Each structure stands twice: as structure tokens, then as C-alpha cells.
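Here is how the chains run, residue by residue.
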Amino acid sequence: MERPFVFINSAMSADGKISTKERKQVRISGQIDFNRMDKLRAGSDAVMVGIGTVLADDPSLTVKSAELKEERISSGRDENPARIIVDSKARTPLDADIFKKGKGKRIIIVSESAPADKVDLLKEQAIIVVAGEENVDLKKAMSELKNQGIERLMIEGGATLNWGMISNGLVDEFYTFVGNLIIGGKTAPTFTDGEGFTEKDIQKLELIDAEKMEEGVLLKWKVLANSEK
Ligand SMILES: NC(=O)C1=CN([C@@H]2O[C@H](COP(=O)(O)OP(=O)(O)OC[C@H]3O[C@@H](n4cnc5c(N)ncnc54)[C@H](O)[C@@H]3O)[C@@H](O)[C@H]2O)C=CC1
Ligand SMILES: Nc1nc(O)c(N)c(N[C@@H]2O[C@H](COP(=O)(O)O)[C@@H](O)[C@H]2O)n1
């Protein structure tokens, strides 16, 4: 199956949490890391999040630097990468920041089980891709995004989408910024939640880079394919 090059960017506490037990967004990294994240967005064809992240954080997912936006426009692209939400039941609010802020394409990936009336309303602001029956079939979705010309896809969480993508073998690399704080809480989202691997299937990684950044560390990982494990 042909799919885009896929990477995740995430910020976690020293105990692996990406937000609090109330799913409240925490500032884990500082401005240097946010600028790095902005460059990654600007260099991508699309940025994708799960509906849980939209409902919790309402991110705009826009490129923030005027210079980077200008570079995109002068190379014939929209000022923002396409912004994509994985949203099986079409729960995306019609007034989400993703619609209100910035120019560029929006794509909502729904399943066949999404209510048709809500899908019709979302169609006024976004391209709708249908993949899967009850939940979004991420493999089908990746193949469809490739067909739409998306070569480089950045994932910005959350925990369930990260798990879905990694457990389906759909991620090539990921960055984790590990910040100098402990959030705690057994129900607080971690980098990957979902059902978890059994011992024989555990995903192996190769460490590509480690860099001290601000008060934390930035790690870059390659996800090993079955043949490389
Ligand atoms: N620190 C960081 O870097 C970031 C932290 N977050 C945090 O993550 C939390 C949100 O994470 P989650 O609640 O886990 O939501 P999520 O953002 O991972 O979205 C999960 C939802 O995606 C949908 N989905 C549809 N098909 C799917 C499939 N096949 N596989 C996986 N998901 C599928 C489901 O409706 C599922 O509930 C928030 O608390 C947010 O603050 C989010 C992004 C970045
Ligand atoms: N990389 C990173 N570091 C942190 O410290 C964070 N709290 C987050 N959170 C995610 O960043 C996104 C913000 O997007 P916009 O500024 O609205 O464009 C959002 O998805 C947060 O969950 N990330």
C-alpha cells in the first residue's frame, strides 16, 4: 500500500504524560521547541490530529512564523499545510479554531457511521474523506491521502491516534520532547494509549538523535519495520 512519509511530533513530561488527567493542555516545552514544531509544520504537506485533541485543545494547527508562511507561498503552496482531523463520528465543532484561523485546505476523515446531517454541515468547510465502517480505517485513510498528493504528513497527537498509527505500522519517525515536569495520574494520556502491544509484538525503535533543549531533551526516533527488528 502506498502512503505518505509519516512522522509524529509530541511533547511529554518526564513521566511520559502528554496532558493532565482532566485532559487539560500543559505547556511542556518552551519557545525554542515551539519554533522547531512550527518549522516541521511548514515543511509538511499536511498536519493531522485526532478528534480528542480538537475537543480538548482546539488547536489551530497553523504555521505561526510569517517568514515560513511566506516561503510556502513563494513556492506555490498554501500558507498552511492541509489540516486533517481523524473523526469517526463527525464530532468536530463547526466553530473549531481549525476552521476559524488561517488559510488552506481542511480535511475531516470520518467513518461510514458518522451522522449524514453533521457530515453535510462539515462539507461546507472541509473536504470529507470516508474510510472505514465504525471507526476510521487508518490504512485506507493513508492511502487516500497519498492519492490526494500528500507526501509528507505530520501527526500532532493525541494518545489514541498515536497508538492507532504506530500499531498499524503507519509511522516512520517521531520526535518526543521530554520536559522537566511530572504530571502523574494513571488516566492522564501518555504518548501512546490504546490497548498496548503484547510482548511478542512490542515495537522496536532506533534512536536517531538526542539533544538537550531548554530544560528538557529532544529525542528523534526511527520506527523499525518488522524486517529490521
Ligand atoms: N503534549 C502534546 O504533544 C500533545 C498532547 N495532546 C493531548 O492528547 C489528549 C487527546 O488525546 P486522545 O484523547 O487520546 O485523543 P486523540 O486526539 O488521539 O483522538 C482520538 C480519537 O480519534 C478518533 N479515531 C478514529 N479512528 C481512529 C483510529 N483508527 N485510531 C485512533 N483514533 C481514531 C477516535 O474518535 C478517537 O477517540 C489531549 O489531552 C491533548 O491535550 C494532544 C496533542 C499533542
Ligand atoms: N509540541 C508541543 N509542546 C507542548 O508543550 C504542548 N503543550 C504541545 N501541545 C500541542 O500543540 C498544539 C498547539 O497548536 P496551535 O498552537 O493551536 O496551532 C496542540 O495540538 C497541542 O495539543 N505541543
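Residues numbered from 1 in each chain as written. Chains lettered and ligands numbered in written order. Predicted model: local features only at pLDDT ≥ 70, side-chain atom pairs only at ≥ 80, totals over all residues. Heavy atoms only, no water.

Q: Sorry, what's going on with the environment of Ser-60 here?
A: Its place among the elements puts Ser-60 in the loop between helix H2 (51-57) and helix H3 (66-74). Among the residues examined, Ser-60 registers a relative accessible area of 11% and is labelled buried. Each C-alpha atom, one on Ser-60 and one on Gly-158, is 15 Å from the other, the two residues being 98 residues apart in sequence. For Ser-60, the contacting residues outside a window of four places in its chain are Arg-83, Asp-97, Ile-98 and Lys-101. A distance of 3.4 Å separates polar atoms of two side chains, one belonging to Ser-60 and the other to Lys-64. (Helix = DSSP H or I, 4+ residues; strand = E, 2+ residues; numbered from the N terminus. Buried < 20%, exposed > 50% of the residue type's maximum accessible area, 1.4 Å probe, protein only. Contact = heavy atoms within 4.5 Å. Polar contact = N/O pair within 3.5 Å; in protein donor to acceptor, adjacent residues only side chain to side chain.)

Q: Quick question: what am I supposed to make of the site of ligand 2 here?
A: Near ligand 2 lie 19 residues; those nearest to it are Val-26, Ile-28, Arg-41, Asp-57 and Lys-64. Here an oxygen atom of ligand 2 and a backbone polar atom of Ile-28 are 2.8 Å apart. The separation between an oxygen atom of ligand 2 and a polar side-chain atom of Asp-57 is 2.4 Å. For the shell around ligand 2, the secondary structure elements donating two or more residues are strand S1 (5-12), helix H1 (31-42) and H2. Element by element, the count of residues in the shell around ligand 2 is highest for H1, at four residues. Across the shell around ligand 2, the residue classes tally to seven nonpolar, six polar and six charged. (Near = heavy atom within 4 Å. Nonpolar A, V, L, I, M, F, W, Y, C, P; charged D, E, K, R; others polar.)

Q: Please clarify how the side chain of Glu-79 should be interpreted in this entry.
A: Locating Glu-79 in the fold gives a position in the loop between H3 and strand S3 (82-86). One buried charge, Glu-79, has no salt-bridge partner; the nearest side chain with opposite charge is Lys-69, at 4.4 Å. (Lys, Arg positive; Asp, Glu negative; His and termini not counted. Salt bridge = Lys/Arg side-chain N within 4 Å of Asp/Glu carboxyl O.)

Q: Quick question: what am I supposed to make of the sheet that holds strand S5 (residues 127-130) here?
A: The strands that make up a sheet pair up through hydrogen bonds in the backbone, lying either parallel or antiparallel. An order of S5-S4-S3-S2-S6-S1-S7-S9-S8 is seen for the nine strands of this open sheet, with the pairing classed as mixed. Strand pairing shows two members of the sheet lacking a second neighbour, S5 and strand S8 (205-213), which therefore form its edges. Direction aside, the axes of adjacent strands within the sheet are offset by 20° on average. As paired elements, S3 and strand S4 (residues 106-110) share four bridges and run parallel to each other. When the sheet's bridge partners are listed, Ile-84 is paired in S4 with Ile-107. Across the sheet, helix H7 (residues 159-167) lies against S1, strand S2 (46-50), S3 and strand S6 (152-155), angled at about 115° from S2, the strand it touches most. (Pairing = 2+ DSSP bridges. Axes fitted to C-alpha atoms, helices over the stretch in contact; angles between N-to-C directions.)

Q: Please explain unusual backbone geometry as it appears in this structure.
A: In terms of backbone geometry, most residues other than glycine have negative phi values and most peptide bonds are trans. Here the residue pair Gly-157 and Gly-158 is connected by a cis peptide bond, since its omega of 0° sits within 30 degrees of zero. Looking at the element boundaries, Gly-158 is found in the loop between S6 and H7. For Leu-61, which is not glycine, the phi dihedral falls at a positive 60°. Note on placement: Leu-61 falls in the loop between H2 and H3. The exposure class of Leu-61 is buried, given its relative accessible area of 2%.

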